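Letter by letter, the chains look like this.
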Amino acid sequence: MVDVIISGCGPAGVIAANLLGMQGISTVVFDREKDIFPLPRAVVIDDDIARIIQSAGLIDKVLAVSPSSKGYKFLDQSGNPMFGFKRSGGYTKNGYTATLSIRQPEIEASLRQGLDRFPHVSLHTEHQVEGVVQDEKGVTVTVRDLQRNTLKEVEGKYLLAAEGARSIIRKQLGIELHDYQYDHLWLIVDVLAKEELDLPEMNLQYCNPDRPTTYIYHGKGQYRWEIMLKPGESAETVNREEVIKQLISPWVDPAKVEIERTAVYKFHALLAKEWRKGRVFLLGDTAHQMPPFLGQGLSSGMRDAHNLVWKLSMVLKGQADEKILDTYQTERYPHVAGIIEKAVKLGKIIQISDQKLADLRDELFRNLHDFPNVSEALHGLERSSFPIGKGVHDAKASVSTGMLFIQPQVEKKDGEMVLFDEVACSRFILLGIKRDPLAAAESVDCTELARLSVKSIMVVESDEAASGEVKAHPETGVIVDREGKIAAWCHEHEVDYVLLRPDRYVFGACRAGELNALMISLVGALREPQRV
């Protein structure tokens, strides 16, 4: 019996497998396809997703093929900017540029190669999970070898269903989907050019009532247009070479490009009502589907995996009560719901087809731009900064629980400069600002902290490190906050200690003298998570 079975090796499934591998959890992955889908689909990931890939030890490979995105503007029917997601190219609080442009096959290939590092993780392609039964001890899945057309049974303690929108497991478990009643057909056209074309590097959304169109620049001579179908049009009438060339001709001479891929998609907005059924969990498109206007489909699936894996790991290692797994849905569901709702609202703005309504929309945004602060805000929108919901947090805390902690560059004891997450990997971290957490946690059983793999770290400033006067417990790590960003965060929130979860969300923070209560809250949350 393995610890975890994963059905599906798309972005959510493969990052989950890598994260489980990093934790030493025995894992088997089944995917129905022989190879990675070779053509482009998702085109961007956010800075927090780069941070997740960093935690899987694969960020260098991804950065090597993923340039920074120049941003995303929404244009009215006259070509005037209405609003957008501005990207300066600088580093965000997560330690990366705000958005990276990707080709999904390259990212998936890097993540699959990462599985080779782990002898306790195996991937079986051309194998489809066709059924599951479970009891209080584990799950048994029926797997079809598609090459030999034979069936076998595999036992595991938990099953992660990351099979995509048409999940067999979700249907078998009878899990219903909440339908936002958003269904629209769009034509996707990916093209290749032998040399760079005279086209914008920034992604653009043309909100033209006659034919809403999205333009995306991949880099390296790779471009995409997403074109909304009109009433009466269908995949059969539109997805033809002569029609496609005509549709992209306002932007590019079709003779100068090679059409790499075309497809007609129905954009959906769906959300599973249950993300956990006993020992089975839904991830990625199996749990949610959304219009692509925020570019959050792939990213949301990876966030699912990151949230769930550390909890599964702690349960499997006997460090947490199984009830902690209920917080997977209570934390992730509100975040995903917020993104879907925002994407649907954007879609309704983009897809206005009535000329009078489009004129009113354009006039509204022109007037809003007369106000400098409003205009600036409209061009610096955030795409995914929703807090997660209630779950594994200090019940009494009011300090940024539900939000990611910052990731600045810090200096290790040996003088090496690294991103903050590198100092303790995927563990609970207790930070003390100019204070040794272990020295302060007098009444907390240190063996209990060790059992929970809590890493204590003392954060000092440059002058303190230079003086050589830093004194800390032998098991306390010491980092130098040379940029002062951690100290500034703690000063802003008026705290001396910060307790971070393995996924770098803030569990809680407190002043000196309140640390014991915070640590007791952690022990209680993992033994008996608060009811939500």
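Quantities reported herein were computed from a predicted structural model and do not represent experimental measurements.

**Describing the layout of surface pockets**
Over the atoms a probe the size of a water molecule is rolled, and this reveals where empty space is left.
Inference 1: Here the second largest pocket defines a volume of roughly 430 Å³.
Inference 2: The residue makeup of the lining of the second largest pocket, split by class, is 6 nonpolar, 7 polar and 9 charged.

**Some points on the pattern of salt bridges**
Inference 1: In total, this model carries 33 salt bridges according to the counting rule given.
Inference 2: A salt bridge links Arg 41 to Glu 108; its shortest N-O distance comes to 3.5 Å. With Arg 41 in the loop between β2 (27-31) and β3 (44-46) and Glu 108 in helix α4 (residues 104-114), the pair connects residues that are 67 residues apart, well separated along the chain.
Inference 3: On the basis of relative accessibility, which here comes to 33%, the residue Arg 41 falls in the partly exposed class.
Inference 4: For Glu 108, a relative accessible area of 5% puts it in the buried group.
Inference 5: Note that Asp 210 and Lys 230 form a salt bridge whose closest N and O atoms lie 3.1 Å from each other. With Asp 210 in the loop between β13 (203-206) and β14 (213-219) and Lys 230 in the loop between β15 (222-228) and α6 (235-238), this pair connects stretches of sequence that are 20 residues apart.
Inference 6: Salt bridges linked by common partners bring Asp 190, Arg 224, Glu 226 and Arg 261 together as one network.

**Things to note about the packing of helix α2 (residues 47-55) against helix α8 (residues 297-316)**
Inference 1: Interaxial distance between α2 and α8 falls to 10 Å at its minimum, and their mutual angle equals 45°. One finds that α2 runs oblique with respect to α8. Crossing of α2 over α8 shows left-handed handedness. Contact with α2, carried on its side by Asp 48, Ile 49, Ile 52, Ile 53 and Ser 55, involves Ser 299, Met 302, Arg 303 and His 306 of α8 and no other residues of that element.

**Overview of the side chain of Gln 222**
Inference 1: Along the polypeptide, Gln 222 turns up in strand β15.
Inference 2: When its relative accessible area of 11% is taken as the criterion, Gln 222 is described as buried.
Inference 3: Contacts of Gln 222, omitting those with residues within four sequence positions, involve Arg 103, Val 191, Leu 192, Ile 216 and Tyr 217.

**Concerning the environment of Gln 351**
Inference 1: Inspection of the secondary structure assignment puts Gln 351 in the loop between α9 (327-350) and α10 (355-368).
Inference 2: Gln 351 sits in the buried class, given a relative accessible area of 10%.
Inference 3: Sequence-wise, Gln 351 and Pro 212 are 139 residues apart; in three dimensions their C-alpha atoms are separated by 6.1 Å.
Inference 4: The residues touching Gln 351, leaving out its near neighbours within four places in the chain, are Tyr 182, His 184, Trp 186, Pro 212, Met 228 and Phe 293.
Inference 5: Within the structure, the side chain of Gln 351 is placed 3.3 Å from the side chain of His 184, a separation counted as a polar contact.
Inference 6: Of note is the side chain of Gln 351, whose polar atom sits 2.8 Å from the side chain of Trp 186.

Reading guide: rules and limits
- Within any chain, residue numbers begin from 1 and follow the written order of that chain's sequence.
- For this predicted model, a pLDDT threshold of at least 70 governs which residues receive local features, and a threshold of 80 or more governs which side-chain atom pairs are given and counted, while totals over whole chains, interfaces and linings are taken from all residues.
- Computation of side-chain values: all heavy atoms of the structure, hydrogens and water removed.
- Residues are called lining when one of their atoms sits within 4 Å of a cavity or pocket point, these points coming from a 1 Å grid over the protein atoms alone, where a cavity is a set in which a 1.4 Å probe fits but cannot get out and a pocket is an open set with protein on both sides within 12 Å along at least five of seven lines.
- Grid points are joined across faces, edges and corners, and a volume is the space filled by probe spheres set on the points.
- Charged residues are taken to be Asp, Glu, Lys and Arg, nonpolar residues to be Ala, Val, Leu, Ile, Met, Phe, Trp, Tyr, Cys and Pro, and polar residues to be all remaining types, Gly included.
- Throughout this description, the term salt bridge denotes a Lys or Arg side-chain nitrogen within 4 Å of a carboxyl oxygen of Asp or Glu.
- Counting from the N terminus, the helices are the DSSP runs of H or I reaching at least four residues and the strands are the DSSP runs of E reaching at least two.
- Residue burial is assigned from relative accessible area. The probe radius is 1.4 Å, only protein chains are included, and a residue is buried under 20% of its type maximum, exposed over 50%, and partly exposed in between.
- Every axis corresponds to a line fitted to the C-alpha atoms, with the helix fit spanning only the stretch in contact, and the corresponding angles, defined between N-to-C directions, vary from 0 to 180 degrees.
- Any angle from 65 to 115 degrees is called roughly perpendicular, while one under 35 is roughly parallel, one over 145 is roughly antiparallel, and all others are oblique.
- Left-handed describes a crossing whose near helix is turned anticlockwise from the far helix by less than a right angle; the clockwise case is right-handed.
- Whether two residues are in contact is decided by their heavy atoms, any of which lying within 4.5 Å being enough.
- We define a polar contact as two N or O atoms separated by no more than 3.5 Å, with the added condition that, inside protein, one atom must be a possible hydrogen donor and the other a possible acceptor, whereas residues neighbouring each other in sequence contribute only through side-chain atom pairs.

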